[in-house]
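Fold and contact review
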Amino acid sequence: MADLQALADALIKGDRNTVVDLTKKALAEGVGPKDILEQGLIAGMNVIGRRFKANEVYVPEVLIAARAMHGGMDVLKPELIKAGVQPVATVVLGTVKGDLHDIGKNLVGMMLTGGGLKVVDIGTDASAQKFIDACKEQKAELCAMSALLTTTMPQMPAVIKALKEAGVAVKTMVGGAPVTQGFADEIGADGYAPDAASAVDLARSLLGVA
Ligand code: B12
């Protein structure tokens, strides 16, 4: 009998091989891909998110859990497509122009993927035009920007302004070590989160999904 709790536990431990095996086993036993995703993979990633927020685990554990999550997702993806399971929304994520820091952005991307969102990562040093093009092409609902330098923070309001001018109706969220709620309010971003786990809660609340 498929044990989705064991799958979640293996993900929390970052045990990629077991995650892959248990995902295959659950599918072979006829468990629906959506249940495996939600009650196994996402459930495990949520625990990692909560522990990361509480400083009970750190960046390496999150990266290892995310690698295990990717292992399970690779097995599930074709089945999810066949079953017509759609991600709840699409997020375009990038580090703003002039900024090459991507560790925090990547963590945010992994946690958002773990939270059931489709993440389109446009990389680092991303210009306003690159954000606009990606949001349009992907029909994104959310545009997420990361900045680690005080000198690149001003790119965030520039992207928000450019999105508005281009008539791209997306919610915007910002983050990165020097970014604060006050700054987000000042530049008219729809949301700010201090870490990757909170970014998932923020994204879901901005998108109005439970
Ligand atoms: C690693 C690092 C580098 C690496 C980056 C490698 C990489 N692939 O990312 C390298 C060596 C390339 C680098 C280069 C530089 N760096 Co540097 N770097 C760092 C360092 C040590 C760690 C950053 C990091 O990865 N933290 C870990 C992650 C997990 O945390 P995080 O990024 O904050 O992300 C979390 C949250 O902020 C949030 N988050 C992040 N993005 C987003 C986005 C959204 C939408 C949301 C909601 C949340 C969110 O969630 C994340 C996970 O919880 C910091 C110092 C520090 N301790 O922060 C300096 C630091 C950021 N760098 C600094 C500087 C000055 C530079 C350089 C200019 C140095 C130089 N003279 O060349 C260059 C700039 C290059 C460029 N153009 O970008 C300064 C910035 C000072 C400032 N206030 O502007 C810092 C603070 C170091 C310092 N004390 O001086 N750096």
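Refer to the structure presented above.
Residues numbered from 1 in each chain as written. Predicted model: local features only at pLDDT ≥ 70, side-chain atom pairs only at ≥ 80, totals over all residues. Heavy atoms only, no water.

1. Quick notes on helix α3 (residues 33–53)
- In a regular helix each residue adds 1.5 Å, so 21 residues correspond to 30 Å; α3 covers 28 Å between its end C-alpha atoms and thus fits that length.
- Residues P33, I36, L37, G40, L41, I42, G44, M45, V47, I48, G49 and F52 constitute the buried set of α3.
- Packed against the buried residues of α3 are α1 (4–13), α2 (16–28), α4 (59–82), α5 (103–114) and α9 (196–207).
- Of the residues trailing α3, N55 is marked for its positive phi of about 60°. (Helix = DSSP H or I, 4+ residues; strand = E, 2+ residues; numbered from the N terminus. Expected span 1.5 Å × (residues − 1). Buried < 20%, exposed > 50% of the residue type's maximum accessible area, 1.4 Å probe, protein only. Contact = heavy atoms within 4.5 Å.)

2. So, the coordination of the cobalt atom of the ligand
- In this structure, the cobalt atom of the ligand receives exactly one donor atom from the protein: H101 (NE2), at 2.3 Å.
- The residue H101 is located in the loop between β1 (90–95) and α5 in this model. (Donors = N, O, S within 2.8 Å, 3.2 Å for Na, K, Ca; no water.)

3. Points about the site of the ligand
- Taken together, 27 residues surround the ligand, and among them L100, H101, D102, S146 and T150 come closest.
- L100 is positioned such that a nitrogen or oxygen atom in its backbone is 2.6 Å from an oxygen atom of the ligand.
- Measuring from an oxygen atom of the ligand, one finds a backbone N or O atom of T150 at 2.8 Å.
- Taken together, the elements giving at least two residues each to the shell around the ligand come down to α5, β3 (142–146), β4 (171–175) and α9. (Near = heavy atom within 4 Å. Polar contact = N/O pair within 3.5 Å; in protein donor to acceptor, adjacent residues only side chain to side chain.)

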